[in-house]
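Letter by letter, the chains look like this.
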Amino acid sequence: MERCRLVFSGSGGQGVITAAIILAEAAVLHEGLNAVQSQSYGAEARGGATRSDVIIADTPIYYPKVLQPNVLVCLTQEAYNKFSGIIRPGGLLLTDSRYVKTQRKVDALQRELPMYRSVLETIGKPIVFNICMLGALLSLTDLVRPESILKVLESRVPADFLEMNRKALELGMRLGESARV
Amino acid sequence: MGKTVRFVQGNEACVEGALYAGLNFYAGYPITPSTEIAELLSLKLPQRGGKFIQMEDEIASLCAIIGASLTGCKVMTATSGPGFSLMQEALGYAVMAEIPCVIVDVQRGGPSTGIPTHVSQGDVNQARWGTHGDHAIITLTASNHQDVFAITVEAFNLSETYRTPVILLFDEVVAHMREKLVLPEPGELHTVERLKTAVKEGVDYHPYLPREDGRLPMSDFGGVHRYNVTGLVHDMWGFPSTEPRVVHGLLRHLVDKIENRAHELARFKEFHLDDADIVLIAYGSSARSALHLVEERRRRGERLGLLELQTLWPFPADVVRTRCSRARAVVVVEMNMGQLLPSVKLAVERPDRVFLANRIDGVFITPADIHNILRIIQGKGV
Amino acid sequence: MAVKDYLRERFFPHLWCPGCGHGEVLGGLIRAIERLGLRKNDIVMVSGIGCSSRIVGYVDFHTMHTIHGRALAFATGVKLARPELTLIVPMGDGDALAIGGNHFIHAARRNIDLTAIVMNNRIYGMTGGQFSPLSGVNVSATTAPFRTIDKSFDIVELSRAAGATFVARSTTYHAQHLSEVIEKAIRHKGFSVVEVLTQCPTYFGRKNRIGDAPEMVKWLKDHTTPVGSKAKQENPALIERGVFVDLEAPEYCEEYGRLVERAMGGRR
């Protein structure tokens with residue numbers, strides 16, 4: 001496979017770091033790939049700009065950070081403003097249409113999806129916004145199989161919340177499917 | 001049955017390595033970016049009947065593990081720069097009283113509070129020289145989680161073998177990033193158990209009289225041999241002495257037992273050194289950026305190699321000298337102002353050909369940063 | 001066992017000055033241990049730095065002479081690792097409550113089963129007579145040429161407030177009482193504190209013109225009274241001696257044992 005470099009960005013508490021970990025863990029534990037996940041954050045536990053980098057490859061990964069992502073996800077305006085310029089030409093920029101108003105065209109496939117709104121309308125719990133985002137990403141990129149993500153969710157999410165996470169993932173996948181070219 | 005594969009942070013790889021080595025007593029105080037080590041051990045040690053205690057500060061943490069070590073436990077504490085500064089006096093005590101213990105310093109930007117959530121390798125010299133008085137110390141590091149696990153096991157092994165504190169110098173990048181860790185099976189990695197005295201009850205036991213091979217068998221507190229442990233210069237029974245012959249002998253012993261073994265204590269990895277005309281020397285997370293660059297430039301036919309040091313102290317001068325003997329240039333890659341650079345210059349035949357590629361702004365050094373330095377050395381400009 | 005069986009006789013004569021009270025504390029401690037019938041192999045004595053800390057060199061137990069102020073932290077490690085051992089921690093007033101103050105209150109808060117003996121001579125003796133946090137105001141010391149303005153701690157009240165479950169005070173004049181309260185403190189399950197008012201004739205006595213050792217010991221007799229006595233009501237300046245706190249409360253190592261049982265889910 002081509003080495004894929006992803007940056008997930010948003011604000012603390014949105015679950016962008018968790019989403020990055022789930023994706024990378026799925027690649028390593030259930031797809032036999034290499035993956036490295038790292039993050040940078042300020043002192044705030046909630047709020048503040050959060051960023052998590054993921055590299056997925058079938059070759060060894062040494063330098064673990066992402067300078068130019070193939071895939072950039074921005075879940076807040078602040079994150080979009082800060083990071084939209086670093087996307088690799090020809091990459092994918094995924095934003096949430098409620099939180100981000102895109103301002104200029106980037107040399108990349110640009111997808112604005114109503115992930116947050118759909119989660120609230122269908123599931124009613126914003127806590128699975130990040131899983132919905134992962135679902136959309138899976139449809140748009142074919143990075144890992146949805147079953148691999150589900151296996152990770154099964155090992156990390158309390159049983160009572162698993163169904164809600166599964167729904168969010170499927171919701172995201174449908175949103176992504178509809179936006180596929 | 002397949003091996004257990006985990007996707008974890010470097011701090012968790014350290015925890016798993018420590019438990020594999022037999023850690024059964026941990027005392028610590030929370031500090032970024034080492035805190036996950038304490039959090040994980042507060043869960044895992046009680047689950048296997050081990051001891052975890054959160055102390056009132058880092059000083060107390062190191063003191064507590066030294067006390068526990070004397071009862072026969074395998075012990076560890078973890079901290080970052082500010083806490084490591086506080087530990088320096090007790091570290092000297094463990095050196096002087098020859099008490100096995102492992103101290104993890106997950107480095108962050110300094111001095112002082114510095115930048116707690118950003119990367120640095122600024123504690124390399126503190127690890128070597130932080131406590132007062134002439135002494136020697138073992139300091140190890142690693143750049144990926146499999147190696148973090150293995151080097152943590154090694155830290156316990158060397159600590160027990162040489163009755164000395166061993167410092168594990170990790171950094172924020174390796175500590176916090178997640179990657180694959182394949183857990184070794186029991187018995188797959190060598191673990192050293194404490195050497196205990198065979199001297200019977202009622203026979204004079206000398207806790208500080210080295211055997212022929214230089215090792216000092218221990219007797220647990222609570223056992224049949226009652227002796228004294230002190231940070232004062234002491235005789236072979238552990239009682240204070242100012243006798244010049246005793247003072248000289250003890251200091252020589254403390255330094256020689258480590259410095260004279262620099263070669264056998266050297267842990268390192270070599271990448272493409274056979275024909276390298278430029279040798280990068282790096283350690284910890286910096287070695288990841290260095291290796292990235294080496295592999296990339298190799299694909300373009302450039303003869304670049306990497307010597308990744310895992311033992312920082314005692315400095316593996318022989319290893320550095322032999323690996324750099326044919327190099328046109330040696331570039332030391334560090335995230336500090338060149339803390340290992342002088343040791344490299346002292347080790348090689350042509351110190352004028354040793355250069356520094358560094359970064360001190362809290363940003364993880366990139367392969368491009370190192371490449372820029374190479375271009376300057378080669379007269380190509382940036 | 002005879003008292004001298006608990007001593008490392010080859011290290012005598014000791015290094016304390018003539019008239020120093022530390023030897024009386026050692027005597028009281030040894031006699032208490034003899035009455036308790038403890039085995040020497042079961043006793044660990046951990047000290048810090050200072051004149052008082054040298055006491056560990058003279059006793060035939062497992063002994064640890066550590067760094068200034070940190071004895072309780074080292075002792076906490078030994079005790080938690082081997083709860084069945086008896087831990088005794090002799091300290092000076094500066095050792096315990098200046099540089100070691102934080103460890104002191106936290107050991108008390110945990111109620112870990114250590115016996116802290118604070119040998120309070122109100123001065124730093126080993127370094128040559130500087131004032132300590134127990135000197136109190138209007139005391140002469142080599143770092144207080146104009147006399148002290150620093151107030152002192154009340155060790156009893158401090159220990160009580162920090163959570164110690166046994167707190168007593170005695171003096172070197174009341175040798176019998178001193179040994180008895182040390183015995184009770186060792187017997188007590190939990191963090192116990194014995195403050196011993198003792199004399200440093202070399203520095204405190206000389207600097208403050210109190211007189212030689214016998215006069216300083218007589219001062220201790222004249223200025224102290226049993227806790228709750230009528231004399232105290234009539235003269236509030238008197239210092240009370242006796243047992244101030246003696247409570248049953250969960251002890252740290254026992255609680256840790258229960259925590260392990262919970263963590264292991266009964267698999268032990």
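About the thresholds
- Residues numbered from 1 in each chain as written.
- Chains lettered and ligands numbered in written order.
- Predicted model: local features only at pLDDT ≥ 70, side-chain atom pairs only at ≥ 80, totals over all residues.
- Contact = placed C-beta atoms within 7 Å.
- Helix = DSSP H or I, 4+ residues; strand = E, 2+ residues; numbered from the N terminus.
- Nonpolar A, V, L, I, M, F, W, Y, C, P; charged D, E, K, R; others polar.
- Pairing = 2+ DSSP bridges.
- Axes fitted to C-alpha atoms, helices over the stretch in contact; angles between N-to-C directions.
- pLDDT = per-residue confidence, 0-100.
- Expected span 1.5 Å × (residues − 1).
- Buried ≥ 20, exposed ≤ 12 C-beta atoms within 10 Å, placed from the backbone.

Asks: Explain the interface of chain A and chain B here, please?
Replies: It is common to report an interface's size as the accessible area lost on association of the parts. At the junction of the two partners, chain A supplies 16 residues and chain B supplies 16 residues. Contributing elements (two or more residues each) for the side of chain A that touches chain B: α1 (16-30) and β2 (34-40) of chain A. Tallied by class, residues from the side of chain A that touches chain B come to ten nonpolar, four polar and two charged.

Asks: Please clarify how the sheet that holds strand β12 (residues 304-309) of chain B should be interpreted in this entry.
Replies: All names here are of chain B. Strand order across the open sheet formed by five strands is β10-β12-β11-β14-β15, with mixed pairing between neighbours. A single partner strand is all that each edge strand has here, and the edge strands are β10 (268-271) and β15 (354-358). Mean inter-strand twist for the sheet, computed between neighbouring axes without regard to direction, equals 20 degrees. By the bridge criterion, five bridges tie strand β11 (residues 278-282) to strand β14 (residues 329-334) in an arrangement that is parallel. By the bridge assignment, isoleucine 281 is partnered in β14 with valine 332. Along the sheet, helix α11 (residues 286-299) contacts β10, β11, β12 and β14; its crossing angle with β12, the most-contacted strand, is approximately 160 degrees. Across the sheet, helix α14 (residues 367-377) lies against β11, β14 and β15, angled at about 150 degrees from β15, the strand it touches most.

Asks: I'm lost on the sheet that holds strand β7 (residues 165-171) of chain B in this one. Help?
Replies: Residue and element names in this part refer to chain B. If you trace the seven strands from one edge of the open sheet to the other, you get β3-β2-β4-β5-β7-β6-β13, paired in mixed fashion. The strands lining the two open edges of the sheet, one partner per strand, are β3 (51-54) and β13 (311-313). Strand after strand, the sheet turns through a mean of 20 degrees between neighbouring axes, direction not considered. Here three bridges tie strand β6 (residues 138-140) to β7, and the two strands are oriented parallel to one another. Directly across from threonine 139, in β7, lies its bridge partner isoleucine 167.

Asks: Explanation requested: the interface of chain C and chain B in the structure shown.
Replies: In this complex, chain C contributes 33 residues to the contact, which on the side of chain B involves 35 residues. Every element with two or more residues in the side of chain C that touches chain B is listed here: β2 (62-65), α2 (71-81), α4 (101-110) and α10 (252-264) of chain C. Top element by residues in the side of chain C that touches chain B is α2 of chain C. It accounts for eight residues. In terms of residue class, the side of chain C that touches chain B is built from 16 nonpolar, eleven polar and six charged. Direction of pairing for strand β9 (residues 228-230) of chain B relative to β2 of chain C: parallel, over a ladder of three bridges.

Asks: Where do I start with the confidence of the model for chain C in this structure?
Replies: Segments scoring low in pLDDT should not have their predicted coordinates read at a detailed level. Per-residue pLDDT for chain C has a mean of 96; in total, 99% of the residues score no lower than 70. Across the interface, the model reports ipTM at 0.97; the global pTM reads 0.97.

Asks: In this structure, what is going on with helix α1 (residues 22-36) of chain C? I would like to understand it.
Replies: Turn by turn, an α-helix covers 3.6 residues, leaving residues three or four places apart pointing in a common direction. All names here are of chain C. The end-to-end C-alpha distance of α1 is 21 Å, a good match for the 21 Å that 15 residues give at a rise of 1.5 Å each. Taken as a whole, α1 has its buried residues at His22, Glu24, Val25, Leu26, Gly28, Leu29, Ile30, Ala32 and Ile33. Among the structural elements, β1 (43-47), β4 (114-120), α6 (175-187) and β8 (192-197) are those in contact with the buried residues of α1. Glycine 37 occupies a position one or two residues after α1 and carries a positive phi of about 70 degrees.

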